[in-house]
Amino acid sequence: MAEPGIPTGGILIEGLRKVYGQGDTAVEALKNINMQVAPGEVVGLVGPSGSGKSTLLKCLGAIIEPTAGRMTLGNEVIYDNGWRVKDLRALRRDRIGFVFQAPYLIPFLDVTDNVALLPMLAGVPNAAARARALELLTALDVQHRAKAQPNQLSGGEQQRVSIARALANKPPVILADEPTAPLDSERALGVMRLLNQMARQAQTAVIVVTHDEKIIPTFKRIYHIRDGQTVEEAGEGRALD
Ligand SMILES: Nc1ncnc2c1ncn2[C@@H]1O[C@H](COP(=O)(O)OP(=O)(O)OP(=O)(O)O)[C@@H](O)[C@H]1O
Ligand SMILES: [Mg+2]
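Below: a short report on this structure. Predicted, not measured: the structure shown is a model, and the values here were computed from it. (Residues numbered from 1 in each chain as written. Chains lettered and ligands numbered in written order. Predicted model: local features only at pLDDT ≥ 70, side-chain atom pairs only at ≥ 80, totals over all residues. Heavy atoms only, no water.)

Assigned secondary structure in the protein consists of six helices and ten strands. Taken along its principal axes, the extent of the C-alpha atoms in the protein is 50 × 40 × 35 Å. In the protein, which comprises 241 residues, the share counted as buried stands at 53%. Counting contacts in the protein only where the partners sit at least 6 residues apart, residues at least 24 apart contribute 66% of the total. Total accessible area on the protein stands at roughly 11,100 Å², and carbon and sulfur atoms take up 50% of it. Averaging the coordinates of the 27 positive side-chain charges in the protein and doing the same for the 26 negative ones gives two points 3 Å apart. (Helix = DSSP H or I, 4+ residues; strand = E, 2+ residues; numbered from the N terminus. Buried < 20%, exposed > 50% of the residue type's maximum accessible area, 1.4 Å probe, protein only. Contact = heavy atoms within 4.5 Å. Areas by Shrake-Rupley, 256 points an atom, 1.4 Å probe, with all protein chains shown as cover. Lys, Arg positive; Asp, Glu negative; His and termini not counted. Charge placed at Lys NZ, Arg CZ, Asp CG, Glu CD.)

Shown next as structure tokens:
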């Protein structure tokens, strides 16, 4: 939940570079990434396996540190050849909803509390946080599993719960890494519908990494990563509702 005074909205990435390791074993995963996502926009990010898609999302999500470049959220520079934002935990908690390639749910909390946890930590009363969780679980068609433990769910159900969790705090930025890979066509499009609604209603900026042919036609704009660089192209922008 964004606090008053914290700038929100929009993503700008300029000249982003990421090298893993050093010396002979160094891997230059990102060479020169340039991207812009407006508030309220949902863009696709595609590229072959190993092209750096997850690396890019993890840099932007403040999970790993880039090697060089600049990243701006809203009108705040969060990274400029070094972190500008000092409290990276608060950045991750309050301003970024991350859907990981694997769901990583908390095994000892039920589905509802997995989704309600972050809003509760941000100070939302428990009942309101759980009500919001149930609303999201319903939108993702997994409300019938609200009281289950994560290990009792199918892979696709776990993924939908992890999407609900990323949306629960209404973050200004959502980063989703292959969110629809384990889902059937109808549910995959349901996820895209929800992300688009959220973007429209809350002016969220959304990046979706995907190779999923079911959802690629829904993007108006797509970035391809090739040789560590981004190339932008227009998508079909097929209507979802
Ligand atoms: N922690 C790490 N240490 C060293 N190299 C890494 C690390 N993580 C990723 N890499 C390398 O960086 C490159 C980009 O990896 P990344 O996971 O970002 O690719 P990706 O586009 O997400 O691939 P996929 O579609 O398979 O998920 C790959 O060559 C990968 O081997
Ligand atoms: Mg990946």
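To continue, consider the coordination of the magnesium ion (ligand 2). Taken together, the protein donors to the magnesium ion (ligand 2) comprise Ser 54 (OG) and Gln 101 (OE1), at separations of 2.0 to 2.7 Å. With Ser 54 in helix H1 (residues 53-60) and Gln 101 in the loop between strand S6 (96-99) and helix H3 (111-121), this residue pair connects regions lying 47 residues apart in the sequence. (Donors = N, O, S within 2.8 Å, 3.2 Å for Na, K, Ca; no water.)

For the rest of this paragraph, the subject is the environment of Leu 175. Structurally, the position occupied by Leu 175 is in strand S7 (residues 173-177). On the basis of relative accessible area, Leu 175 is assigned to the buried category, the value being 0%. Sequence separation of Leu 175 and Leu 56 is 119 residues, and the distance between their C-alpha atoms is 10.0 Å. Ignoring anything within four residues of it in the chain, the contact list for Leu 175 reads Leu 57, Leu 60, Gly 61, Ile 96, Gly 97, Phe 98, Val 99 and Ile 207.

This part is about the side chain of Thr 55. Along the chain, the position of Thr 55 falls in helix H1. Overall, the relative accessible area of 8% leaves Thr 55 in the buried class. Here Tyr 20 takes part through its side chain, which lies 2.9 Å from a polar atom of the side chain of Thr 55. For Thr 55, the residues in contact, after removing those within four places along its chain, are Lys 18, Tyr 20, Ala 29, Leu 30 and Ile 64. (Polar contact = N/O pair within 3.5 Å; in protein donor to acceptor, adjacent residues only side chain to side chain.)

Right, let's talk about the site of ligand 1 for a bit. Every one of the 13 residues lining ligand 1 counts as a neighbour, but Ser 49, Gly 50, Lys 53, Ser 54 and Thr 55 are closest to it. Here Ser 49 contributes a side-chain N or O atom positioned 2.6 Å from an oxygen atom of ligand 1. At the level of secondary structure, the elements contributing two or more residues to the shell around ligand 1 comprise strand S2 (27-37) and H1. The biggest single contributor to the shell around ligand 1 is H1, with three residues. (Near = heavy atom within 4 Å.)

Right, let's get into unusual backbone geometry. Residue Tyr 104 is not a glycine yet carries a positive backbone phi of 45°. With respect to the secondary-structure elements, Tyr 104 resides in the loop between S6 and H3. In this structure Tyr 104 comes out as exposed when scored by relative accessible area, which is 60%.

Turning our attention to H1. Among the eight residues of H1, seven are classified as buried, and the element is accordingly described as predominantly covered. Within the sequence span of H1, burial applies to Lys 53, Ser 54, Thr 55, Leu 56, Leu 57, Cys 59 and Leu 60. With its phi angle positive at about 60°, Ala 62 sits one or two positions after the end of H1.

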